Amino acid sequence: MPADLTPSQFAAVEHFEGPLLVLAGPGSGKTRVITRRIARLVERGIAPQHMLAITFTNKAAREMAERVERLLPGCRVWVTTFHKFCARLLREHGAAVGLQPNFSIFDTADQHQLLKQVLHDCDVDATHFPPAKVGWQISQAKNELLTPEQYVSRYAERVANHFEAVVAKVYPRYQRRLLDANAVDFDDLLVHVACLLQEHDELRRELDRRFRFILVDEYQDTNRAQYQIVAALSQEVPNLCATGDPDQSIYGWRGAQIENILRFERDFPDVKVIRLEDNFRSTPEILAVADQLIAQNRRRKPKRLTTTNASGPPVELRLYADGRQEAEALAADIAEQVRAHGRKWSDFAIFYRVNALSRCLETALARQKVPYQVAAGVAFYERSEIKDLLGYLRLIENPRDRLAFLRVVNAPPRGIGKTSVEKLVRWSDETGQPLLAAARAARSLPGLSKRAATALVQFAALIEDLARRAAGPVSQLLADVLACTGYAELDERAAEDELQRRANIDELLSAARLYDEQLGHAGSLAGFLESATLAQDVDALDDREGAVTLMTLHAAKGLEFPCVIIVGVEQNLIPHERAVRHYDPDELEEERRLLFVGLTRAKERLILTHTLRREMHGRSLTTIPSDFLSEMTLTPVDCTQGVLSETLDTGGVCDVEPSSPAVAEPFSRPASGLKLTTGAALAAGVVQAVEVPVGFAVGMTVRHPRYGLGTVIAVSPGLSRHRTLTVRFAEGDRQETFVAGKCPLQPVGLP
């Protein structure tokens, strides 16, 4: 057995034919297993073209492909993402679903723009029925593999609300518009391929035989369409290796079905199951906390993470007065760790549940002169000038792309007004010709001014001229677009925003040159547009960048950092307010899994934070510590020194003396009191503890002016008046939950 493989990893690598389920805990070396398994299959005589490795993120696919290349120099195994795999199949076989090979892929912004047009055509007010909300409902239908006809039929057969009636009206027209434009949205990439494989058995058998060995990473994140695609390609030759972890299934909100991995053994009765439980990433302290948390979930396949890594510092739970103090203190701490203790900026990552929490952090980091990067790769491609230039490239590649035409026909301005465009659109719809073809014949359009008609004809000729140059490097074509349209021309007195716009255009040119260099003759305009449209948040992150990384917990999946800080571990943030409001056990379990993913990104040091108050939705709100905190043994650190007396009204439940230094006992289901320390005391090495009164305790008898006598049956973790307590009242066996500092409860006696 190779020295760099554990016995369980070796067993997974050596498994040859038949289905294989690898339950891989975080940091357990699953990428090593997948790539070494590919190499072992090649050693056994399996041709690379008969293997297919699929994962979810561009970053993971890129890393996997690089490792395979190092193991097998010059051996081309197809390592890709689900969406890119489906896009390739549709380029080859899309005619069966009405697509030409040069179809466009609409991103979310394009989808919303098209839906806005369809809503207008259906006489539906987009203010009351926002395109984003309608689009989400259509996406949910597609995730369930419901065609427009099936959705309309389902709506007709049951009692539905007005919103569903609008979706039933819009969905068929939206789908027709996509096909008319020779375009797909993200969901269509998967749905069209799932339908192709279901309805064309000969094609399915051909692909099944072509891909004799399929390796799927992050199997717990597959949705119904992805599940059907993988299952369809694993029938005649069921050599499917699924690698994943139910404890890291965090995408249920976008259609992922944890049941796919939980029922794998039922779908493939002859499966071999191997658990990877040796963690190579984190300290024992971090793993212990993560294990405590995830053990509370029921929908999982139990495993226990172990490690031989050296012990590290305890996992801290820091309390701050508010979000501003939280951000300033964390920025100062990071700066101190780098400047005085030899850490690198890139050692640190800050995770949050919602993007709104990043603003204070960015401000504080900038004030401390701490370099940082935010995971927002998609944002670059959403900038106006970038979408304009990609619109030109899309129209060159796909002359039927209606949205691309409407975006660039007058960008930069060329004398084609809104009224002229509306006339052209109506004429195009009446005559059944694409907008670009209609523009070419604009002189035949009744009622159109001579000037507008000439401008439209010249625009069509420009696109046709550029299309003749599309066979060369993408970067050269993009440069030709800029030169022929004058899009990037600046005068000497250009304002700052214009200079920034030019810098963004230069960055797009750099991306095109990089694409040309990496792909060479295998590159194409369609391929470049595909890579831009399918860009993801983490794609823009540079591992070599000397910067602190800020990102959402969802974006952190698959990454690791020496030091991780998770901010805002509070009710209505994590777990999210939607899960708390619905009190859906499945949603709450997914929120717990999301926090588990965040915890297990940390290699050496892990800090969780919460605050007494936080600015949210434009208001300063009192916070409640997350229920998840009571499920872990943490070391609390009170960082409110010097600001607590200004921020906290201590009346009612708990009087906290700001000047009392204390060291923490582990934070785990406190019953009779919480022991605290301060940031200053911890830094000074003070080890004496102080008991902080909590006011209410489990078992205490209390009186409510309306409900009478009751017994406290649960007290949430946290401090002072911001804790919640649950009381069961004798009369009617009523159970109520209160915020301690705001409730009218009076203690009657202690247990």
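For every chain, the first residue of the written sequence is number 1, and numbering continues from 1 along that sequence. For this predicted model, a pLDDT threshold of at least 70 governs which residues receive local features, and a threshold of 80 or more governs which side-chain atom pairs are given and counted, while totals over whole chains, interfaces and linings are taken from all residues. Excluding hydrogens and water, the side-chain values take into account all heavy atoms of the structure.

The protein has the name DNA 3'-5' helicase in an unreviewed UniProt entry, where Schlesneria paludicola is given as its organism. UniProt positions are given in the numbering used here, feature names are shortened, and annotations may be inferred rather than shown by experiment. The Sequence similarities (unreviewed entry) field of the UniProt record for the protein holds the comment "Belongs to the helicase family. UvrD subfamily."

### Focus: the UniProt feature "binding site: ATP" (unreviewed entry) in the protein
Per the UniProt record, "binding site: ATP" (unreviewed entry) is found at Ala24, Gly25, Pro26, Gly27, Ser28, Gly29, Lys30 and Thr31. Take alanine 24: it is sitting in strand β1 (residues 20–24). Accessibility here uses a 1.4 Å probe with only protein chains present; expressed as a share of the type maximum, an area under 20% marks a residue as buried, one over 50% as exposed, and anything in between as partly exposed. Relative accessible area serves as the criterion here: at 1%, alanine 24 is assigned to the buried category. Here alanine 24 is in contact with Lys30, Thr243, Gly244, Asp245, Gln248, Leu276 and Lys303, once residues within four sequence places are set aside. Considering the arrangement of structural elements, one finds glycine 25 in the loop between β1 and α2 (30–43). Residue glycine 25 is classed as buried on the basis of its relative accessible area of 2%. Contact partners of glycine 25, with chain neighbours within four places excluded, come to Asp245, Gln248, Leu276, Lys303 and Leu305. Starting at the N terminus, helices and strands are each numbered in turn, a helix being any DSSP run of H or I of at least four residues and a strand any DSSP run of E of at least two. Pairs of residues are marked as contacts when any of their non-hydrogen atoms sit within 4.5 Å.

### Side note on the environment of phenylalanine 459
Assignment of secondary structure puts phenylalanine 459 in helix α22 (residues 450–467). The sequence separation of phenylalanine 459 and valine 409 amounts to 50 residues, and the corresponding C-alpha distance is 7.0 Å.

### Some remarks on the confidence of the model for the protein
For any part of a model where pLDDT is low, the fine detail of the predicted coordinates should not be relied upon. Confidence along the protein averages 85 in pLDDT terms, with 87% of residues attaining 70 or more. Think of pLDDT as the predictor's per-residue confidence, scored from 0 to 100. Put simply, strand β19 (residues 690–692) is where the protein has its lowest mean pLDDT, 38, and strand β13 (residues 561–566) is where it has its highest, 97. In the predicted structure, residues 644–676 sits below a pLDDT of 50 and forms 99 contacts with residues beyond four places in sequence or in another chain. Per-residue pLDDT stays below 50 along residues 687–694; that stretch engages in 28 contacts with residues further than four places along the chain or on separate chains.

### With respect to the nonpolar core
In plain words, nonpolar cores are sets of buried Ala, Val, Leu, Ile, Met, Phe, Trp, Tyr and Cys residues tied together by side-chain atoms within 4.5 Å. One finds Leu390, Leu393, Phe405, Leu424, Leu456, Phe459 and Leu508 to be the most contacted residues of the largest nonpolar core, which totals 52 residues. At ten residues, the largest contribution of residues to this core is made by α22. In this structure, phenylalanine 459 is in contact with Tyr392, Leu395, Phe405, Val408, Val409, Arg414 and Leu436, ignoring residues within four places of it in sequence.

### Observations regarding the pattern of salt bridges
Think of it this way: side chains of opposite charge can pair up when their charged atoms draw near. For this analysis, a salt bridge means a side-chain nitrogen from Lys or Arg found within 4 Å of a carboxyl oxygen belonging to Asp or Glu. The full count for this structure, using the stated rule, is 53 salt bridges. The salt bridge partner of lysine 557 is glutamate 218, with a shortest N-O separation of 3.6 Å. In this pair, lysine 557 is assigned in the loop between β12 (548–552) and β13 and glutamate 218 in the loop between β6 (213–216) and α11 (224–232), connecting sequence segments 339 residues apart. Each member of the pair, lysine 557 as well as glutamate 218, carries the same accessibility label: buried. Through salt bridges that share partners, Lys30, Asp217, Glu218, Asp221 and Lys557 make up one connected network.

### A word on the packing of helix α4 (residues 82–93) against α11
Angular values range over 0 to 180 degrees, each being the angle between N-to-C directions of two axes fitted as lines to C-alpha atoms, with helices fitted over their stretch in contact. At a closest axis distance of 12 Å, the pairing of α4 and α11 adopts a crossing angle of 60°. Two packed elements cross with a definite hand, and for α4 against α11 that hand is left-handed. On the side of α4, the interface is formed by Phe82, His83, Phe85 and Cys86, while α11 contributes Gln226, Ile229 and Val230. Grouping the constituent residues of the contact of α4 with α11 by class yields five nonpolar, two polar and no charged. Crossing chirality is assigned from the near helix's rotation relative to the far helix, an anticlockwise turn below a right angle marking it left-handed and a clockwise turn marking it right-handed. Side-chain classes follow a simple rule in which Ala, Val, Leu, Ile, Met, Phe, Trp, Tyr, Cys and Pro form the nonpolar group, Asp, Glu, Lys and Arg form the charged group, and the remainder, Gly included, forms the polar group.

### Things to note about the sheet that holds strand β10 (residues 348–352)
In space, the seven strands of this open sheet follow the order β11-β12-β10-β13-β14-β9-β17, with parallel pairing throughout. The two strands at the open ends of the sheet, each matched to only one other strand, are β11 (372–374) and β17 (635–638). The average undirected angle you get between the axes of adjacent strands in this sheet is 25°. Strands were regarded as paired on the criterion that DSSP finds at least two bridges between them.

### A short note on the packing of helix α9 (residues 186–199) against α11
Two numbers describe how α9 lies on α11: the axes approach to 9 Å, and their chain directions differ by 35°. The crossing of α9 and α11 is left-handed. Between α9 and α11, the residues in contact are Leu190, Val193, Ala194, Leu197 and Gln198 and Ala225, Gln226, Gln228, Ile229 and Ala232, respectively. Here the contact of α9 with α11 is composed, by residue class, of seven nonpolar, three polar and no charged.

### So, the packing of aromatic side chains
Note on aromatic contacts: the rings of Phe and Tyr and the six-membered ring of Trp form a pair at centre separations within 6.5 Å, being stacked when their planes are under 30 degrees apart, edge-to-face when over 60 apart, and tilted otherwise. Evaluated as defined, the whole model comprises 14 aromatic pairs. Pairing phenylalanine 85 with phenylalanine 211 gives two aromatic rings, centres 6.0 Å apart and planes at 70°, and the pair type is edge-to-face. Highlighted residues: phenylalanine 85 in helix α4 and phenylalanine 211 in the loop between α10 (201–210) and β6, separated in sequence by 126 residues. Per residue, the accessibility class of phenylalanine 85 equals that of phenylalanine 211, and both read buried. Joined through ring pairs, the aromatic side chains of Trp78, Phe85 and Phe211 make up one cluster. We call a charge positioned over a ring when the NZ of a Lys or the CZ of an Arg lies within 6 Å of the ring centre and within 35 degrees of the ring normal. Against the face of phenylalanine 163 rests lysine 133, its NZ or CZ located 4.9 Å from the ring centre. Across from the ring centre of tyrosine 227, 4.4 Å away, lies the NZ or CZ of arginine 263, which sits over that ring.

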